[in-house]
Amino acid sequence: MPTARSSTPTTVLKNATVYDGTGADPFPADVRIADGRIDLVGEVVSAAREIDATGLAVAPGFIDVHTHDDFAAVVHPDMGFKVRGGVTTCVVGNCGMGCAPFSEASLLARVFHPNAKLPPWEGHRGYLAYLDEHPPGTNVAVLAGHGSLRLAAMGVARSEPTGKQMRRMKSDLEEGLDAGVVGLSTGLIYEPSKYGRTEELIELAGVMRGTGALYASHMRDEGLGLLDSVRETIRIGEQAGVAVQISHHKASGRRAWGLVSESLRLIEAAQERGLEVHADQYPYTAGSTVLSAVLSQTVGANAPLRLADVVIASAAGHPDWEGQSLPSLATKWGVDAAEAGRRALAEEPMATVVLHTMDEEDVRTVLRHPSTMIGSDGIPILEGKPHPRLFGTFARILGRYSRELGLLSLPEAIHRMTGFPARKFGLVGRGVVCEGAAADLVVFDPATVRDTGTFEDPIHYPEGIVHVFVNGVHTVRDGGLTGATAGRALRRPG
Ligand SMILES: [Zn+2]
């Protein structure tokens, strides 16, 4: 063994079964970690520190491409809710909600972290520098958020931007690109991102042409308007000349069930034309968002959502509401369910909800498709009844959808959460187990790994995730946090 030059002791994962993140078949090997990198995959005779990985899988740490952890990485720096599920990198800034400009971004953050003290930072560069100084438990890659940019440029105006307002949005996005953000996200059901018309988004996304940064979208309509929304998203990518990521691909609301077969075909057709378009998905039949974004969708005969499908997830001043559907609150209050929704929103404008609106068959159809990678969309509120996807997404893919249902082979399932997203989001030297790659690694038991949270009782860590290394630092040991916070702010290579 070569003399270690390492600042951290060399560690060997001995007798592992390696899933290298490329989708290739697993192979037996020892994996040696030194100086934050994988420095040998093969046979290691001796090492300062050995971990017996007999019977265990060693894979690249999972990359959660769809998170809202911009501020959680600051407020809950251990990131235990992610790293204990095997996640070593979070892509933050999804759905139009970014980390900069600070004053606007922090307004949006108040929904998830109402009482947290936040240190101000200057632009995306300042956010990334803050993480350099105060490393969280996972790596963080950043999307700029259209909602945050628009709020800074023109407040909550519904109009098209003036020339000056457009220049402001572009310059804030350029600041982010110079700092290393990996793309721009939109949240076209949320204020104020939803006021952005297609042409505005094409012009803004066009700033990214040639940079390698991508356009990620929570689309305008995931219900009956799903196909038009996919067409709009693809058009934005094609006209702006940038790669596209469709966020949390789904068909929401009973009337829209089945449309995912068509939306997948639209993705395939765009890929054939040469567009780099893919999607992410969380493996559940319920979604989650803020109450304020859903009530309008429950009105009228063609309403995409039913009031009965809406369950309160968090309501800071009314913990007794958490876990209750709008009809059950209505019964308690002696009003109808629509009135219960209005009353709940008036009293708790920041309330979040879980929405039971998807079809299991659709979830499987999307998951099987090779364009789909995995993203939790977890809302990092660590009390009440948050959607269990925050903790369990990756273990659920491995346990339920790969091992139990056989929808994806284990190498393929791992690829969808490691090598595939690393390539798409430009996370160079991550998402693979090979010599020289960053030592972001998860050691898990493929026979037992599973998610354990339910909608009724969501706050549980997965089982079967034994060790996690982030940049070579032992962050989860025997299923528990070590207290290490070795994540890095990841920047798109310029
Ligand atoms: Zn979203």
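Residues numbered from 1 in each chain as written. Predicted model: local features only at pLDDT ≥ 70, side-chain atom pairs only at ≥ 80, totals over all residues. Heavy atoms only, no water.

## Structural notes on the sheet that holds strand 13 (residues 286-290)
The sheet built from three strands is open, its strands ordered 13-15-14 with antiparallel pairing. In this open sheet, the two strands that pair with only one neighbour each are strand 13 and strand 14 (310-314). Going from strand to strand, the sheet's axes swing by 30° on average, the running direction of each strand aside. (Pairing = 2+ DSSP bridges. Helix = DSSP H or I, 4+ residues; strand = E, 2+ residues; numbered from the N terminus. Axes fitted to C-alpha atoms, helices over the stretch in contact; angles between N-to-C directions.)

## A look at the nonpolar core
One finds Phe-62, Tyr-127, Leu-173, Met-208, Tyr-215, Leu-398 and Phe-444 to be the most contacted residues of the largest nonpolar core, which totals 90 residues. Of all the elements, helix 13 (residues 389-404) adds the most residues to this core, at seven residues. Not counting chain neighbours up to four residues away, the residues in contact with Tyr-127 comprise Asp-69, Asp-70, Ala-73, Val-74, Val-92, Cys-99, Trp-121, Glu-122, Val-140 and Val-142. Core analysis: the next-biggest nonpolar cluster, separate from the first, contains 19 residues, Ala-16, Ile-51, Ala-53 and Ala-437 among them. (Core = buried A, V, L, I, M, F, W, Y, C linked by side-chain atoms within 4.5 Å. Buried < 20%, exposed > 50% of the residue type's maximum accessible area, 1.4 Å probe, protein only. Contact = heavy atoms within 4.5 Å.)

## A word on the pattern of salt bridges
Applying the stated criterion across every chain yields a total of 26 salt bridges. Between Asp-132 and Arg-491 there is a salt bridge, and its shortest N-O distance comes to 2.7 Å. Here Arg-491 lies in the segment after strand 20 (480-481) and Asp-132 lies in helix 4 (residues 123-133), a separation of 359 residues in the sequence. On the accessibility criterion, Asp-132 (43% relative accessible area) is partly exposed. On the accessibility criterion, Arg-491 (36% relative accessible area) is partly exposed. Arg-197 is the salt-bridge partner of Glu-160, the closest N and O atoms lying 2.5 Å from each other. Here the residue Glu-160 occupies a position in the loop between helix 5 (146-154) and helix 6 (163-179), and Arg-197 occupies one in the loop between strand 9 (183-187) and helix 7 (198-205), the gap between them amounting to 37 residues. The exposure class assigned to Arg-197 is partly exposed, which follows from its relative accessible area of 49%. Taken together, the shared-partner salt bridges in this structure form one network comprising Asp-64, Asp-69 and Lys-82. (Salt bridge = Lys/Arg side-chain N within 4 Å of Asp/Glu carboxyl O.)

## With respect to the state of the cysteines
Inspection of the entire model under this criterion finds zero disulfides. Cys-90 takes part in no disulfide bond, and the closest cysteine sulfur to it belongs to Cys-99, at a distance of 14 Å. By relative accessible area, Cys-90 is classed as buried at 0%. (Disulfide = S-S within 2.5 Å.)

## Side note on the environment of Ala-338
Mapped onto the secondary structure, Ala-338 falls in helix 11 (residues 337-347). Taking the C-alpha atoms as reference points, Ala-338 and His-68, 270 residues apart in sequence, are found 28 Å from one another.

## Quick notes on the sheet that holds strand 11 (residues 244-246)
Each strand in a sheet pairs with another by means of backbone hydrogen bonds, the pair being arranged parallel or else antiparallel. The strand order across the open sheet formed by eight strands is 6-7-8-9-10-11-12-16, and the pairing between neighbours is parallel. Both outer strands of the open sheet, strand 6 (62-64) and strand 16 (372-374), are each paired with one neighbouring strand and no more. Neighbouring strand axes in the sheet, compared pairwise and without regard to direction, differ in orientation by 30° on average. Strand direction decides the pairing type here: strand 12 (residues 277-281) and strand 16, joined by three bridges, are parallel. The partner of Gln-281 across the bridge, within strand 16, is Ile-374. Of the strands in this sheet, strand 7 (87-92) and strand 8 (139-145) are in contact with helix 4, which crosses strand 8 at around 165°. With respect to the sheet, helix 13 is in contact with strand 6, strand 7 and strand 16, its orientation differing from that of strand 6 by roughly 125°.

## Details of the side chain of Lys-424
Along the chain, Lys-424 turns up in helix 15 (residues 419-424). In this structure Lys-424 is buried but unpaired, with Glu-276 as the nearest side chain of opposite charge at 5.1 Å. One polar contact links Lys-424 to Gln-245, side chain to side chain, over a distance of 3.4 Å. (Lys, Arg positive; Asp, Glu negative; His and termini not counted. Polar contact = N/O pair within 3.5 Å; in protein donor to acceptor, adjacent residues only side chain to side chain.)

## What to know about the packing of aromatic side chains
Counting across every chain of the model gives nine aromatic pairs. Each ring, one from Phe-62 and one from Phe-444, has its centre 6.4 Å from the other, and the planes form 55°; the classification is tilted. With a gap of 382 residues between them, Phe-62 in strand 6 and Phe-444 in strand 17 (residues 441-444) connect regions that are remote in the sequence. Plain terms: the ring middles of Phe-102 and Trp-121 are 4.9 Å apart, the flat faces sit at 80° to each other, and that makes the pair edge-to-face. One end of the pair, Phe-102, is in helix 3 (residues 102-112); the other, Trp-121, is in the loop between helix 3 and helix 4, and 19 residues separate them in sequence. Take Phe-102 and Trp-121: they sit in the same class, and that class is buried. (Phe/Tyr/Trp six-rings, centres within 6.5 Å; stacked < 30°, edge-to-face > 60°.)

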